[in-house]
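Listed below are the residues making up each chain.
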Amino acid sequence: QVQLVESGGGLVQAGGSLRLSCAASGRTFSRYGMAWFRQAPGEERKFVAAITNNFDSTYTGGSVKGRFTITRDNAKNTVYLQMQSLKPEDSAVYYCAATENNGGASSREAYEYWGQGTQVTVSS
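To start, this report covers the structure provided alongside it. Given the structure is predicted, the values throughout are model-derived calculations rather than measurements. (Residues numbered from 1 in each chain as written. Predicted model: local features only at pLDDT ≥ 70, side-chain atom pairs only at ≥ 80, totals over all residues. Heavy atoms only, no water.)

## Some words on the environment of P41
Argument step 1. Inspection of the secondary structure assignment puts P41 in the loop between β4 (33–39) and β5 (46–51).
Argument step 2. Here P41 falls in the exposed class, since its relative accessible area comes to 78%.
Argument step 3. Sequence separation between P41 and L4 is 37 residues; the distance between their C-alpha atoms is 22 Å. (Helix = DSSP H or I, 4+ residues; strand = E, 2+ residues; numbered from the N terminus. Buried < 20%, exposed > 50% of the residue type's maximum accessible area, 1.4 Å probe, protein only.)

So this is what it looks like as structure tokens:
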């Protein structure tokens, strides 16, 4: 089992950048596939990006492609989401998720473990 704690959210102006972190407990972090999702008010939780346990990365298509980057540091038990060129529509609660499988999936059901989320607000 793994516990996830997100940090790094906050208020930023449009065009700015933020880096979210997700710290995981346990000594087997490198075995987990990791992902970020986000949920805006009144909307479903949506996939943002994923990284497998062998460091392959996937991104969403559409509005975040080319602006967001997911990375992981297994020595620090941490996964990151670097967000650039932020837009007001990126405002949401961002959640970190983990799966005991290889990872890379974009569906919520593929992830067994979730953090509590961190709020990102982008002002226009």
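## Re the state of the cysteines
Argument step 1. Applying the stated criterion to the full structure yields one disulfide.
Argument step 2. A sulfur-sulfur separation of 2.1 Å characterises the disulfide bridge that pairs C22 with C96. Across the S-S bond linking C22 and C96, the dihedral sits near -80 degrees, which makes this disulfide left-handed. Of the two residues, C22 is situated in strand β3 (residues 18–24) and C96 in strand β9 (residues 92–99); the sequence distance between them amounts to 74 residues. (Disulfide = S-S within 2.5 Å.)

## Structural notes on the nonpolar core
Argument step 1. Residues L4, M34, W36, V79, L81, M83 and Y94 are the most contacted members of the largest nonpolar core, which totals 29 residues.
Argument step 2. If you list the elements that add at least two residues to this core, you get β3, β4, β5, β7 (68–73), β8 (78–83), β9 and β11 (118–123).
Argument step 3. By size, the runner-up hydrophobic cluster in this structure holds six residues, among which are A35, F37, F47 and Y111. (Core = buried A, V, L, I, M, F, W, Y, C linked by side-chain atoms within 4.5 Å.)

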